[in-house]
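An overview of the molecular structure
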Amino acid sequence: MRFLFSFIVAFTLVVPALAQAPAPPPVTVIRAGVLIDGKSDQTRRDQVIVIRGNRIESVSDAATAQIPAGASVTDLSHATVLPGLIDSHTHIFLQGEEPEQGGYDANILKYPLALRTARATVAARRALEQGFTTLRDVETEGAGYGDVGIRMAIAGGYIPGPRLIVSTRAISSTGGYNLEGYAPELDMPKGAQLIDGPVEARKAAREQLDHGADWIKVYMTHRSWVGKNGELVSQPTLTLDELKAIVDETHGWGRKVACHAYNGIGLQRALDGGCDSIEHGLEITDAQITQMVKQGTWYCPTLAAYYHDWAPADTPEGRRDRKRVSVHGPSFQKAVKAGVKIVFGTDMGGIPWTEAMAQEFPRMTEFGMSPIEVIRSATSRAAEMLDMVGQIGVVEPGAYADIVAVKGDPLRDINLLGDVTFVMKDGGVFKNEVK
Ligand SMILES: [Zn+2]
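Since the model is a prediction, treat every value here as computed from it, not as a measurement.

Thresholds, definitions, all that
Residues numbered from 1 in each chain as written. Predicted model: local features only at pLDDT ≥ 70, side-chain atom pairs only at ≥ 80, totals over all residues. Heavy atoms only, no water. Buried < 20%, exposed > 50% of the residue type's maximum accessible area, 1.4 Å probe, protein only. Helix = DSSP H or I, 4+ residues; strand = E, 2+ residues; numbered from the N terminus. Pairing = 2+ DSSP bridges. Donors = N, O, S within 2.8 Å, 3.2 Å for Na, K, Ca; no water. Axes fitted to C-alpha atoms, helices over the stretch in contact; angles between N-to-C directions. Parallel < 35°, antiparallel > 145°, perpendicular 65-115°, else oblique. Left-handed = near helix turned anticlockwise from the far one by under 90°. Contact = heavy atoms within 4.5 Å. Nonpolar A, V, L, I, M, F, W, Y, C, P; charged D, E, K, R; others polar.

Here's the deal with the pairing of strand E1 (residues 27-35)
Burial analysis of E1 places eight of its nine residues in the buried class, which makes it a mostly covered element. Where E1 meets strand E2 (residues 44-52), eight bridges bridge the pair, whose relative direction is antiparallel. The partner of Val 27 across the bridge, within E2, is Arg 52. As defined by bridge partners, E1 adjoins strand E4 (residues 72-83) across seven bridges and the pair is classed as parallel.

Digging into the coordination of the zinc ion
Protein coordination of the zinc ion is provided by His 89 (NE2), His 91 (NE2) and Asp 347 (OD), with donor distances spanning 2.1 to 2.3 Å. Mapping the donors of the zinc ion onto the primary sequence yields the spacing H-x1-H-x255-D. Residue His 91 is found in the loop between strand E5 (85-90) and helix H2 (103-109), and its partner Asp 347 is found in the loop between strand E16 (341-342) and helix H10 (360-366); the two are separated by 256 residues along the sequence. Relative accessible area serves as the criterion here: at 13%, Asp 347 is assigned to the buried category.

A closer look at the packing of helix H8 (residues 286-295) against helix H9 (residues 316-338)
Two quantities define a packed helix pair, namely the angle between the helix axes and the distance between the axes. At their nearest, the axes of H8 and H9 sit 10 Å apart, and the two run at 40° to each other. Regarding the angle of H8 to H9, the classification is oblique. At the point where H8 passes H9, the crossing takes the right-handed sense. Seen from H8, the contacting residues are Asp 286, Ile 289 and Val 293; seen from H9, they are Ser 331, Lys 334, Ala 335 and Ala 338. Of the residues that constitute the contact of H8 with H9, the class distribution is four nonpolar, one polar and two charged.

So, the sheet that holds strand E7 (residues 163-166)
Spatial ordering of the open sheet is given by E5-E6-E7, a layout of three strands whose pairing is parallel. Because the sheet does not close on itself, it has two edges, and the strands there are E5 and E7. If you compare each strand with its neighbour and ignore which way they point, the axes differ by 15° on average. Relative to strand E6 (residues 132-137), E5 runs parallel, the two sharing four bridges. Across the sheet, residue Thr 90 finds its bridge partner in E6, namely Asp 137.

Here's what the structure looks like:
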């Protein structure tokens, strides 16, 4: 018996080495009419992109390009080809909850996690269909570590979707997140992990990192309203000491911290505490802009999201909704002028996934960003923030073969990015409507 066993072991160890080598990775060639590579200001005409397996092998002029024998050729010579797009602020576990369907609270109180997970897979697929091959998904809103599971399902090839960079549960303080407004006797579940004090803050970060968070998401402001003098006020949540404990822990793991911050004290603490990216940043003072440039803090504005679902104009909420929009555009304009590092983010999930992610692009040009900079904010700039320079957000040798195409020239009409006709992720074609 022992002999038989060792024979089997020897046999299984030796035979695979004798068997034929694994099939070489497939080679695909894309003919690009116009190429926007995600990095440079210049577009290039008539390019040939050679893809071997899941990586780009070469990019060259069609006139001189060598087409490898046996390659399958995709003709995008009447299209503009770009790197796969990156959305740095999404929530695949939110569905733009409608108040008449119970709003945000119903999501947590009534829906089985399986339903929320099923809908998250649809959201992921929707993003990929629209040309977004990478998402930084900034918290699951009460769905725990569901995003880690979806990330694994996509990476394992079980479901289609963008590569996901996930932040799991997010962190806020007591009184700093929903569910709210219930009888105090009830111990309600919360949409984020609530902490008080630097010890609990660090422990929450450790737990989330241990369970698979790629980034840590922190809420530095929560409620907002219009103050006595007509100004936007937001309630600060974490103290500077609490945030510093989280940032210190997270940086020790070689990871980064994204801070939801509207304005005021909470935004100032986010900057002083060493946040890597400011999310939303509705109202940023000149001094804060200077501090962001100096510290290299990333800015992920989400302009379009705040044009949704305004309450009636003559209510406190309605005045708040309008005030948020009126300060966000000018803050973005100042940031662009000052050279703050800006990434594209939609806050999808806050917006229903049935809507177009591309609605954020024209908002960015409306407030003074050039179309090529807008494209970079959704490609190579985001890759820089995500520490994936040269791997995503660029069409160049060595990068993952994440490639999209649109008809026409998006540098003339940024809205064309809303009509992606070809999507390749990791060398696999997900969508091809190019005739
Ligand atoms: Zn958000």
